[in-house]
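Report on the structure
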Amino acid sequence: MVTAFADPFDALFNLQRALEARTASDWLQNQTTSQGPFPPINVFQRGDDILAIIELPGIDKDQLQIEAKENTIRISGRKVIAYPEGSMHRRERVSGEFDRTLSLPVRLDPDGIRAEYRDGVLALFLPRSERDKPRTIQIS
Amino acid sequence: MDTRQELLVQKKREHETREETTIPARVFLPIADIFESRDALTVILEMPGVEKSNVDVRVEDGVLSVQGRLDLSKYQGLQPLYTEYNIGHYARSFQLSSKIDQTKISAELQDGVLSLNLPKIEEAKPRTIQVK
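Residues numbered from 1 in each chain as written. Chains lettered and ligands numbered in written order. Predicted model: local features only at pLDDT ≥ 70, side-chain atom pairs only at ≥ 80, totals over all residues. Heavy atoms only, no water.

Take the overall build of chain B next. The helix and strand tally for chain B stands at zero helices and nine strands. Reading the helices (α) and strands (β) of chain B from amino to carboxyl end gives β-β-β-β-β-β-β-β-β. If one aligns the C-alpha atoms of chain B with their principal axes, the spans along those axes are about 75 × 50 × 25 Å. Residue burial in chain B is summarised as follows: out of 132 residues, 36% are buried. Within chain B, contacts between residues at least 6 apart in sequence are counted, and of these 55% link residues at least 24 apart. Of the roughly 8600 Å² of accessible surface on chain B, 46% is carried by carbon and sulfur atoms. (Helix = DSSP H or I, 4+ residues; strand = E, 2+ residues; numbered from the N terminus. Buried < 20%, exposed > 50% of the residue type's maximum accessible area, 1.4 Å probe, protein only. Contact = heavy atoms within 4.5 Å. Areas by Shrake-Rupley, 256 points an atom, 1.4 Å probe, with all protein chains shown as cover.)

Encoded structure:
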């Protein structure tokens, strides 16, 4: 049987990507499925709290899932690009699935986590748990 | 084999011009897709974080230039703990062929994705010729 590949290079790159993902995956951990490099994340501190800013242009809000467990945040979803009919002159945007986990070295207040998606940027407000905040000790 | 494709991070390319900028921010090239259909050319640019009011699209001497300014004041007072990408403004320009009707160009920004519709002029559209 002959398997027809639409693009042999695509098939090769996909195979390589899948192999690399296997070696890099921490499948023994049952928390999350994988740790991909997409989307890129910047983490900032604002006061006591943490703010994670993630560039995710062109995502449908329904295709984006955010899960929080203890100090771990999982961002997963799918980026869909609808290509119109006609010829393509340039194709730089990529589409596909992503799944990324972010573990923070601080304790979070899971009920206080807020997510906002605007202009293709996802902002996660991650408040530190009260127990984790530094407190001033009065000298008696 | 797993058919789903994992997304990879695309490194941002910096915008290069002959003139140097006088603003204290970096300018990146937005990622672009260009399609051509029967009656229009579509240019799609990814400019995450840019608001509608900060997009500037203009056509001058047959060159389409797009600029997107990021509101950097949102980042004020934030102390970076861990960073993976750089932020900056976006700029990119394209040489238009004369086939485009420059007065009918329209633009739409949604979720950080700017779609430009560049309709072709009537004479440039493909037509079928009747054989007598």
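Once you've had a look at it, read on.
All right, on to the interface of chain B and chain A then. Between chain B and chain A, the residue contacts involve 44 residues of the former and 49 residues of the latter. When the buried area of chain B at its contact with chain A is split by residue, Leu7, Phe35 and Tyr85 of chain B rank highest and sum to 17% of it. Linking Glu46 of chain B and Lys79 of chain A is a salt bridge whose minimum nitrogen-to-oxygen distance equals 2.6 Å. The interface formed by chain B and chain A holds 23 residue pairs in polar contact (both at pLDDT 80 or more) in total. Where the side of chain B that touches chain A is concerned, the elements lending two or more residues are β2 (31–36), β3 (40–46), β4 (50–60), β6 (79–82) and β7 (89–95) of chain B. Among the elements that line the side of chain B that touches chain A, the one with the most residues is β2 of chain B, at six residues. The residue inventory of the side of chain B that touches chain A, partitioned by class, reads 23 nonpolar, eight polar and 13 charged. Pairing between strand β5 (residues 87–91) of chain A and β2 of chain B: four bridges, direction antiparallel. Within β2 of chain B, the position partnered with Ser87 of chain A by the bridge is Glu36 of chain B. (Buried area = accessible area lost by both parts, 1.4 Å probe. Salt bridge = Lys/Arg side-chain N within 4 Å of Asp/Glu carboxyl O. Polar contact = N/O pair within 3.5 Å; in protein donor to acceptor, adjacent residues only side chain to side chain. Nonpolar A, V, L, I, M, F, W, Y, C, P; charged D, E, K, R; others polar. Pairing = 2+ DSSP bridges.)

Moving on: the confidence of the model for chain A. The predicted model of chain A averages 79 in pLDDT, with 83% of residues at 70 or higher. Between residues 26–34 of chain A, whose pLDDT stays under 50, and residues either more than four places distant or in other chains, the model counts 12 contacts. (pLDDT = per-residue confidence, 0-100.)

Here we take up the side chain of Asp119 of chain A. Structurally, the position occupied by Asp119 of chain A is in the loop between β7 (114–118) and β8 (121–126). One buried charged residue, Asp119 of chain A, forms no salt bridge at all, with the nearest opposite charge on Lys74 of chain B at 5.0 Å. Sequence-distant contacts of Asp119 of chain A, defined by excluding residues within four places in its chain, comprise Met47, Pro48, Gly49, Val50, Glu51, Asp111 and Gly112 of chain B. (Lys, Arg positive; Asp, Glu negative; His and termini not counted.)

This next bit is on the side chain of Asp33 of chain B. When you line up the elements, Asp33 of chain B lands in strand β2. Of note is the side chain of Asp33 of chain B, whose polar atom sits 2.8 Å from the backbone nitrogen of Glu92 of chain A. Polar contacts involving the side chain of Asp33 of chain B include one to the main-chain amide nitrogen of Arg93 of chain A, which spans 3.1 Å. Not counting residues within four places of it along the chain, the set of residues in contact with Asp33 of chain B comprises Ile81, Tyr83, Arg90, Arg91, Glu92 and Arg93 of chain A together with Thr42, Val43 and Ile44 of chain B.

In terms of nonpolar packing, the biggest core is built from 21 residues, with Leu56, Ile75, Phe98, Leu104 and Leu126 of chain A touching the most fellow members. When residues of this core are traced back to their parent elements, those giving at least two are β1 (41–46), β2 (49–55), β4 (72–79), β6 (96–103) and β8 of chain A. With near-sequence residues (within four places) excluded, Ile75 of chain A lies in contact with Ile41, Ile54, Leu64, Gln65, Phe98, Asp99, Arg100, Leu122 and Leu124 of chain A. Membership of the second largest hydrophobic core comes to 19 residues, among which are Met47, Phe94, Leu109 and Leu118 of chain B. (Core = buried A, V, L, I, M, F, W, Y, C linked by side-chain atoms within 4.5 Å.)

Residue and element names in this part refer to chain B. Here the phi dihedral of Asp61 falls at roughly 50°; this positive angle occurs in a residue that is not glycine. Mapped onto the elements, Asp61 comes out in the loop between β4 and β5 (63–70). You will see that Asp111, though not glycine, has its phi angle at about 50°, which is positive. Examined against the element boundaries, Asp111 turns out to sit in the loop between β8 (106–110) and β9 (113–119).

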